[in-house]
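Analysis of the macromolecular model
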Amino acid sequence: MRPTGSGTLKNIVPRVVAVLWLGTAVTAAQAAGADNHRITVVTTFSILADMVEHIGAEQVQVSSLVPPETDAHSFEPRPQDVKTLSQADVLVSNGLGFESWLPGLQQASGFKGDSIVASSQAQLLKAQHTVAPAYPGSRETPVDDHGHDDHLQAGHDHDHGAIDPHAWQDVRNGQQYVQAIARGLSKADPNHASLYQERAQAYTRELEQLDTELRSEFATIPADRRKIITSHDAFGYFARAYGVQFIAVAGLSGRAEVSARSLAGLVDRTRNEHITGIFVESGAGSQMVEQLARETGARVGGKLYADTLARPGQPADSYVGMMHWNASRLLQVMHAANDGTPR
Ligand SMILES: [Zn+2]
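Here is a short report on the structure shown in this document. What you are looking at is a predicted structure, and each value in this text was computed from that prediction instead of being measured. (Residues numbered from 1 in each chain as written. Predicted model: local features only at pLDDT ≥ 70, side-chain atom pairs only at ≥ 80, totals over all residues. Heavy atoms only, no water.)

Here we take up the pairing of strand β4 (residues 114-117). Of the strand pairs in this sheet, strand β3 (residues 90-93) and β4 are connected by 4 bridges, and their pairing is parallel. Pairing of Ser-93 across the sheet is with Val-117, part of β4. Crossover connection from β3 via helix α4 (residues 102-109) to parallel β4: handedness right-handed. (Pairing = 2+ DSSP bridges. Helix = DSSP H or I, 4+ residues; strand = E, 2+ residues; numbered from the N terminus. Right-handed = clockwise from strand over helix to strand, strands pointing away.)

The following block contains the structure:
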C-alpha cells in the first residue's frame, strides 16, 4: 500500500467504520469482506436454532425468539424481539402457519434480511388430527412413498390451516430442514457456502442413521402396543414415520379446552382400547393428561418434547437428543407393556 500521511488516515478510518456500520444495518453478510465475520441468524424456535448451530458453527451468531421449554404456539413477541429481528441478517422459521405471531413481528421489526423457511422441502401431512384416531388397518389409508401408512385421523378444530406444521417430528423431514437451512445460509453468506454444505452433509448422515435406528426399534414393538395418549397434537409426523399411534387430548396448538364430556370419552377409550401409555409434553398443557392417567391407571411415560428443546445440559437439548429422548421414553413404556411389567 502507498504510504499515507497521518492526516489522510484520520480521514479514512472514520469513513471505513461508517461504511461497516451501515453494512451491519443493511445486510452485514454482504457488506463484510472479512473472513471472520459472523452472520446474525434469528430462528423462531429452539429446534431450528440447534440445526443452524450445527450448520453455521463459528460462522454464525444464532439466537431463538421462543426460548427452550416455552410454548411456540402461544408465544407473544416482546419489544426486545423486535430489536433482535431488526438486527438480524437471516431469519429461519418453520413455516406452515406454525408461527402465527411472526408476520406481525416481521412488520414491526422492518426486517429486510434473508428468510429461510425450513419446511420448504418437507414431506407434508394434512392436519386431520385428533381426539379420535383411526388405527392402521381400520380403514383404507394412503401409503406414502416411504411405504408407511398415513395415519389419517378424524377431523378436529385446530388453528394451523390444512397442513400439520410439526414436520420436524419425522427425521427424514429433519434432513430436508437441514438442506433448506444450508442453502439459505450459503445464499446469505456465499463466502462460507462450502463450509455450510460440508457440515450439512455430515449432519444429514447423522440424521439418516438416527432415522434408521428409530424405524428399526419401533418395528420390534407389536402394533397393538404402540398406542399413546399425549397432550397436544404434535406427533402426526412421528406417527407416520415410526408407526406409533398418538391420541391427543388437545388440538394442534395445545390450547384447546377439553370438555368434561370429551374427557369422559377419553377415559373410556383409554380403558377399552388398551392404551399403552400417557405422556405429558414440555411447553403444552398437561393437566388433562395427568387427570386421565389418574382416572384410568394407564402407565405414565413422562415428558415428551414436541415443539421445543430442553434447556441446555438436558438430554433433549438438541434436535438429535430430543428425538432420541422421545423415542426412548416411548419404547420404555411399550416394552414394559409388552413384557407385562406392573405399572
Ligand atoms: Zn405444536
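More follows now that the structure is in view.
A few words on unusual backbone geometry. In this structure, Ala-57 is a non-glycine residue whose phi angle is positive, near 40°. Accessibility expressed as a relative area gives 29% for Ala-57, which makes it partly exposed. The backbone phi angle of His-274 is positive, close to 55°, even though this residue is not glycine. Its place among the elements puts His-274 in the loop between α8 (260-272) and β7 (277-281). (Buried < 20%, exposed > 50% of the residue type's maximum accessible area, 1.4 Å probe, protein only.)

Counted according to the given criterion, the structure contains 10 aromatic pairs. Aromatic side chains Phe-75 and Trp-101 sit 4.8 Å apart centroid to centroid with 70° between the ring planes, which places their arrangement in the edge-to-face category. A residue pair is termed long-range when its members are at least 10 positions apart, and Phe-75 in the loop between β2 (60-64) and α3 (79-86) and Trp-101 in the loop between β3 and α4 qualify at 26 residues. Note on Phe-75: relative accessible area 9%, which makes it buried. Aromatic side chains Phe-218 and Phe-238 sit 5.6 Å apart centroid to centroid with 85° between the ring planes, which places their arrangement in the edge-to-face category. Of this pair, Phe-218 sits in helix α6 (residues 193-219) while Phe-238 sits in helix α7 (residues 236-242), and the two are 20 residues apart along the sequence. Of the two residues examined, Phe-218 and Phe-238, each falls in the buried class. An aromatic cluster is defined as three or more aromatic residues linked by ring pairs; in this entry it consists of Phe-218, Phe-235, Phe-238, Tyr-242 and Phe-246. Between the NZ or CZ atom of Arg-329 and the centre of the ring of Trp-325, over which it lies, the distance is 4.5 Å. (Phe/Tyr/Trp six-rings, centres within 6.5 Å; stacked < 30°, edge-to-face > 60°. Lys NZ or Arg CZ within 6 Å of the ring centre and 35° of its normal.)

By themselves, these observations are geometric and do not establish any function.
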